[in-house]
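Spelled out, the chains give:
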Amino acid sequence: MNMHAPNFLDTARWGGLAYISEWQETMAGTLNVTDPANGNVLAAVGLCGPADVARAAKQAKAAQKAWAKTLPAERAAILTRAADLLEQNGQELAAWIMQESGSIHPKAMIEIEHGALFIRHAASLATQPSGMFLPGMDDRTNYARRVPHGVVGVISPFNFPLVLSVRSIAAAIALGNTVVHKPDPRTPISGGIIIARIFEEAGLPKGVLHVVPGGADAGEALCSDPNIAMVSFTGSARGGSKVGEICGRHLKRVQLELGGKNALVILDDADLDVAASNAAWGTFLHQGQICMATGLILVDEKIETAITERLVSKAQHLPAGDPSTKQVALGPIISDSQVEAIQKIVDDAVAKGAKLLAGGTHDGRFYAATVLSGVKPGMLAFEEEIFGPVACIVSFKTDEEAVELANRSDYGLAAGVISNNLGRAMAVGDELNVGQLHINDQTVNGGPYAPFGGRGKSGNGTRVGGPADIEEFTQWQWVSVKKTATPYPF
């Protein structure tokens, strides 16, 4: 194993191929991967259709029993080596993330750092206690143990392609499952090829991991394949609804981590500069293309003008452009259709009375940091997840009104509350219907040690990360043991 390969992601190894037990051609042909900043073709990968997914699922099923019997310490060692490889080749791999997903360099390095942390957390899961003795009604011994589901299908999005793929893949593998992974077809390299390479070099046995880049047909095949026992999906509410429907029809366990319309509540005693900084970071990081991005900035009317002025100033000093220059704060929006969707929401808000104070324009896929004030219920900017760099400012008169406005959303992913009065901030936070609450912080937070997920349209109550991983990627099995078999009355 060469930990410091000069070209770890050499396209000569995987170009035009997918990872189905090993690098090989696919039945559906190839897919060109382009840089959203300039349209340049970066590489080609194997495009997988339903037949390729079926082949991968069958091989994953065949490999699962032996992998589950692999000693936990050996599974943990392989995962730890994979994390080492990710870190030690981080600069090379971050360049791929930047080009493929439109990330600025610091955001790409966050993916490397957090990706390695998720893998190391997964390694620790492999050696956790996995059962308990149960009380009995007779002289038999009863115990319950956590056992793997079998084959886990993973479907991941484009925005944080490495982290939002590896967090499920690593945990599932650590706990004895095998995995068939479908990355977003726009980011199959940083969302799939990188992961296949680090695990390949780390010594993961053949058949344990399969990476099948593909479109909706591949996703539907993965959700309906009889060899796949569970699906872990991260993406939009619309996509998650479809995944949940298909998995439900086939009685599969499904984990859904979906979008959000996340509120940041700024109370009137907050430090104005700090609050504005939090609002800008939560709104504009990665062009707003984050499920827990700050979608609504709820500001006490007594400080609304002061916060708005600061936010406008920040927006005007955040240049958008090609991340490869390392001179920009915002990279490209992932697609032309998404730019159109963002513009529609901004135009709707202005038409309904909101004030456009910064941005609201784009140069191709480079959308300017935008600030809308006077956003109200009934506007798309209030109701819908934007997935773009648009700050939506909503004023309120009382803490109770702030809670009411935040809880109007059908989503329930993340919220933040900023105040110099910790007790007051906690009291407001306790009333918010979200899966993750951040006191004196903005809404964009994540990491391997916390159970991540939401409620309502943001998910189905499942979580990924931290203590939730064992619960999600294994199931209980009850075992009773008699010393000898005994007769019954019949």
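Please refer to the structure placed before this passage.
Residues numbered from 1 in each chain as written. Predicted model: local features only at pLDDT ≥ 70, side-chain atom pairs only at ≥ 80, totals over all residues. Heavy atoms only, no water.

Engineer: Can you lay out helix α5 (residues 105-125) for me, pointing to particular residues and giving the numbers?
Structural biologist: With 21 residues, α5 extends 31 Å between its outermost C-alpha atoms, agreeing within 8% with the 30 Å of an ideal straight helix rising 1.5 Å per residue. Every buried residue of α5 is listed here: K107, A108, E111, I112, G115, A116, F118, I119, H121, A122, A123 and L125. Packing partners of the buried residues in α5 comprise α3 (72-88), α4 (90-101), α6 (163-174), α7 (189-202) and α16 (468-473). (Helix = DSSP H or I, 4+ residues; strand = E, 2+ residues; numbered from the N terminus. Expected span 1.5 Å × (residues − 1). Buried < 20%, exposed > 50% of the residue type's maximum accessible area, 1.4 Å probe, protein only. Contact = heavy atoms within 4.5 Å.)

Engineer: So what's going on with a nonpolar patch on the surface? Residues and values would help.
Structural biologist: A grouping of M132, L134, W476 and W478 is seen on the molecular surface, where their side chains present a nonpolar patch of about 470 Å² in accessible area. Listed by contribution, the elements that provide at least two residues to the nonpolar patch are β5 (131-134) and β21 (474-481). Classification of W478 by relative accessible area gives exposed; the value is 62%. (Patch = residues over 30% accessible without salt bridge, like charges linked within 9 Å, V, L, I, M, F, W, Y side chains within 5 Å. Areas by Shrake-Rupley, 256 points an atom, 1.4 Å probe, with all protein chains shown as cover. Salt bridge = Lys/Arg side-chain N within 4 Å of Asp/Glu carboxyl O.)

Engineer: Tell me what's going on with empty space enclosed by the protein, and back it up with residues and numbers.
Structural biologist: Taken as a whole and judged by the stated rule, the model has 1 cavity of 30 Å³ or more. In this structure, the largest cavity spans a volume of roughly 100 Å³. Contributing to the lining of the largest cavity are 15 residues, with A293, T294, G295, I386 and F387 lying nearest its centre. In terms of residue class, the lining of the largest cavity is built from 6 nonpolar, 7 polar and 2 charged. (1 Å grid on protein atoms, 1.4 Å probe; cavity = no way out; pocket = protein on both sides within 12 Å on 5 of 7 lines; lining within 4 Å. Points joined across faces, edges and corners; volume = space filled by probe spheres on them. Nonpolar A, V, L, I, M, F, W, Y, C, P; charged D, E, K, R; others polar.)

Engineer: Before we move on, could you go through the pattern of salt bridges and cite the residues and values that matter?
Structural biologist: Considering all chains together, one arrives at 23 salt bridges under this definition. Each member of the salt-bridge network shares a partner with another, and the members are D268, D269, D300, K302, D399 and R424.

Engineer: Which residues make up the packing of helix α8 (residues 216-224) against helix α9 (residues 237-249), and what values do they have?
Structural biologist: Where α8 meets α9, the axes come as close as 8 Å, and the angle between the chain directions of the two elements is 35°. Considering the relative orientation of α8 and α9, their crossing is right-handed. Contacts between α8 and α9 pair E220, C223 and S224 from the former with K242, V243, I246 and C247 from the latter. For the contact of α8 with α9, the per-class residue count stands at 4 nonpolar, 1 polar and 2 charged. (Axes fitted to C-alpha atoms, helices over the stretch in contact; angles between N-to-C directions. Left-handed = near helix turned anticlockwise from the far one by under 90°.)

Engineer: Can you lay out the environment of E74 for me, pointing to particular residues and giving the numbers?
Structural biologist: Among the structural elements, E74 can be located in helix α3. In sequence terms E74 and T127 are 53 residues apart; their C-alpha atoms lie 9.7 Å from each other.

Engineer: Mind laying out the packing of aromatic side chains, listing which residues take part and the relevant values?
Structural biologist: According to the stated counting rule, one finds 4 aromatic pairs in the structure shown. Note on W14 and W96: the rings are 5.8 Å apart at their centroids and 70° apart in plane angle, and the pair reads as edge-to-face. Here W14, found in helix α1 (residues 11-14), pairs with W96, found in helix α4; they are 82 residues apart in sequence, far enough to count as distant. Across this residue pair, the class does not change: W14 and W96 are buried. (Phe/Tyr/Trp six-rings, centres within 6.5 Å; stacked < 30°, edge-to-face > 60°.)

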